[in-house]
Amino acid sequence: MNLRQTKIPLFFLAPTILLLTLFVIFPVVNTVYISFLGEDDEFVGLENYEDVFGRRNFWNPQNLVEGNPPPYGALIHNGIWIVLHLPLSLFFGLLLAILLRDVKGGAVIKSAVFLGMVIPMTVGGILLRFVYDDRAGILNGLLRIVGLGDLTRTWTAYPQTILLALILGTVWIWTGFSMIVYSAGLEGIPKELFEAAKIDGASRWRTFRRITVPMLKPATIIVVTMTLLWELKIFDIVWVIQQGGPGGASMVMALMMFLEAFLNRSFGTAAAIATMLTVLTFGFAAYMVYRMVKE
Amino acid sequence: MKLKLPELKLSKLKPLEIVARLRKVKKTTILFHLLAWGVSLIWILPFLGVFMASIRPLPEILNGWWNFDVFNPTLRGFVGAWNHPTAPLNRALFNSLLVTIPSTFIPIFVAALGAYSFARFKFPTRDVLFFVLVLLQTIPQQMVIIPIFRIMISLGLWNNYIGLILVHTAFALPWQIFFLRNFFSALPVEIEEAARIDGASYLKIFYKIVLPLTLPALASLTALQFVWVWNDFFFAIVLISSPELRLATQAVAAMPGRLAIDWTVVSAASIMVMIVPIIVYVALQRYYVRGLVGGAVKG
């Protein structure tokens, strides 16, 4: 095509540039700016950041160090979320992708597992609340059946259990994503590789280690990055269940940002939290962005 | 690697033959199936539970929805959620459609134009712009919400669907352009060049030749964007505040309340709110999955 034509693409791109500038690029820059402003819009430097780290709702490592139950603060909660949720949802996603590939009814079961990714996260939160409910929930029902009836409780109602309950619940919700990406990855591996391995007498485990895992690397990069971003931004589920409670035991960064901005009208601290959230996001996404640009 | 159960045509076989056939199925194969079905049950049970709860009275649910000693199905939950005193779904579901449909199609239209420019033209700032676009895909909603909130108030678009639709449109553009550019780049340019020689305008080429070829990609974007906007809660609670304007995700989030939950009503509401994206997903499943795996950037 005529590569010297430079007005055409700008005409086609004009609505995009306008919308992105007004509703994404300007707001991002503005949020960074707001994070340096005090209550009367005066410049306060890094005070908001110091202030945020001084809050027990955001940064409370002492409880963790002393082995007390949460709250540990939103930043640490997001960290725990990552440490537990990432490996578990990767593991279950890969397990289901492999198991369901060769099983009768696998496609239907995959669709059902993937539903967690399709439903609104507010409904996802309600589903978890239902599963963990003292009387209506099936978890406690199972505990009663296996004779652990005195353990039963509403697992999302207590600071000792809510964080772990939510993290495991979000593994349930998010596994569909890693399963689907891994399934697509598995389909992309040439059958000849497995056949050759079989002829060479390689065991199943060896085939898995030497062929499946390396061939799934691109899928793993996508799954890890997207899962990390999702864990950082988690909001709806926590909101629906206890709005960060009880006593901040399920507080996370995105929720704290929202409460600071729209409940306390403390936009400076909210912007500081949002900025830190975004810096972390960029850090985690850097490798994937690098690969996308290189393509 | 493929494990297959031998076909069993039970009607034509005598009992002894059935046993003989079953023996041929490897033990590992049976174990494999049991494990797969067992693990999958964990993912299906909560959905089954919420469905049972939506059609049973509260005392039966509190007794365990898996107990069927007494079973008196009721539609009280669905009626109650539909006409809920504080969060009626009849209104909220309609509101969500009102926001979701334009928020699905407007960005796709805008993104298609933008992506076409990236795929087919060279212009001075192209590479820089494209890099910015990739970066913008990772921006969390929290990072833009305070200025957007202020902009919308000053434009008079706060608590107004137009504001929300504009924000959804802008937020969708980076990943949609990225997704479509890859798709356009894979299309052969020869047809377009021939049309150009025949005197067709760029706009005409775009609508008459390129877009029809792009339908599968557009189906992927439609499925993903519809589900994303319908499910969104964060933009909605910041930008929409009047009870009568509330969207479905806001209504369902407001329903449980702090203390005793009426699970019949809440479960019915959950089903009504999630059934819409589920229908879209089932109808466009192939495109949905392809979009997610191909673009793979949507959080």
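A quick note: this is a predicted structure, and the numbers were derived from the prediction, not measured.

Explain the overall build of chain A to me, please; I cannot follow it from the model alone.
Regarding its fold elements, chain A presents 14 helices and zero strands. What you see in chain A, going N to C, is helices and strands ordered as α-α-α-α-α-α-α-α-α-α-α-α-α-α. Reported as C-alpha extents along the three principal axes, the dimensions of chain A are approximately 75 × 75 × 30 Å. Per-residue burial over chain A gives 46% buried out of 295 residues. By sequence separation, contacts in chain A at least 24 residues apart represent 65% of the contacts at least 6 residues apart.

Would you take a moment to explain the interface of chain A and chain B for this structure?
For interface size, the figure often reported is the accessible area lost on association. Contacts between the two partners involve 77 residues from chain A and, on the opposite side, 81 residues from chain B. The leading source of residues in the side of chain A that touches chain B is helix H1 (residues 7–34) of chain A, at 17 residues.

Could you clarify how one ought to interpret H1(A) in this entry?
Considering bend angle alone, the principal kink of H1(A) is centred on A:Leu13 and spans about 50°; proline A:Pro15 follows within four residues of it. A:Pro9, A:Phe12, A:Leu13, A:Thr16, A:Leu19, A:Leu20, A:Phe23, A:Val24, A:Pro27, A:Thr31 and A:Ile34 are the residues of H1(A) that are buried. For H1(A), the elements touching its buried residues are helix H14 (267–294) of chain A together with helix H5 (89–120), helix H6 (126–136), helix H7 (142–155) and helix H8 (161–185) of chain B.

What exactly am I supposed to notice about the nonpolar core here?
Counting residues in each nonpolar core, the largest one holds 173 residues, and the members touching the most others are A:Met253, A:Met257 and B:Ala269. Each of domain 1 (10–54) and domain 2 (89–295) of chain B contributes no fewer than three residues to this core. With sequence-adjacent residues up to four places away left out, A:Met257 is seen in contact with A:Ala270, A:Ile273, A:Ala274, A:Leu277 and B:Gln142.

When you look at the domain arrangement of chain B in this model, what are you seeing that I'm missing?
Residue and element names in this part refer to chain B. Examined at the domain level, chain B breaks down into domain 1 (10–54) and domain 2 (89–295). With centres defined by C-alpha atoms, the gap from domain 1 to domain 2 works out at 40 Å. Residues that form the side of domain 1 that touches domain 2 fall into these classes: three nonpolar, one polar and no charged.

Looking at this structure, I do not really get the environment of A:Ile180. What am I missing?
Assignment of secondary structure puts A:Ile180 in helix H8 (residues 162–187). Measuring from C-alpha to C-alpha, the distance between A:Ile180 and A:Leu96 comes to 9.2 Å, with 84 residues separating the pair along the chain. Ignoring any residue separated from it by four or fewer positions in sequence, one finds A:Ile180 in contact with A:Phe114, B:Val289, B:Leu292 and B:Val293.

What should I look at first to understand the confidence of the model for chain A in this one?
Note that predicted coordinates carrying low pLDDT should not be read in detail. Here chain A averages 90 in pLDDT, and 98% of its residues register 70 or above. Within chain A, no element has a lower average pLDDT than helix H9 (residues 191–199) of chain A, which sits at 87, and none a higher one than helix H13 (residues 253–262) of chain A, at 96.

So what exactly am I meant to see when it comes to the packing of H5(B) against helix H11 (residues 215–231) of chain B here?
Axis angle and axis distance: for two packed helices, these are the angle between their axes and the distance between the axes, and together they describe the pair. All names here are of chain B. At their nearest, the axes of H5 and H11 sit 9 Å apart, and the two run at 145° to each other. Crossing angle aside, the handedness with which H5 passes H11 is right-handed. Each of Ser-96, Val-99, Thr-100, Ser-103, Thr-104, Pro-107 and Ile-108 in H5 lies in contact with H11, whose residues at this interface are Leu-218, Leu-221, Thr-222, Gln-225, Phe-226, Val-229 and Trp-230. A breakdown of the residues in the contact of H5 with H11 according to their chemical character gives eight nonpolar, six polar and no charged.

Rules used in this analysis
- Residues numbered from 1 in each chain as written.
- Chains lettered and ligands numbered in written order.
- Predicted model: local features only at pLDDT ≥ 70, side-chain atom pairs only at ≥ 80, totals over all residues.
- Helix = DSSP H or I, 4+ residues; strand = E, 2+ residues; numbered from the N terminus.
- Buried ≥ 20, exposed ≤ 12 C-beta atoms within 10 Å, placed from the backbone.
- Contact = placed C-beta atoms within 7 Å.
- Bend = angle between axes of the 7 residues up to and from the residue.
- Core = buried A, V, L, I, M, F, W, Y, C linked by C-beta atoms within 7 Å.
- Domains from an automatic or database assignment.
- Nonpolar A, V, L, I, M, F, W, Y, C, P; charged D, E, K, R; others polar.
- pLDDT = per-residue confidence, 0-100.
- Axes fitted to C-alpha atoms, helices over the stretch in contact; angles between N-to-C directions.
- Left-handed = near helix turned anticlockwise from the far one by under 90°.

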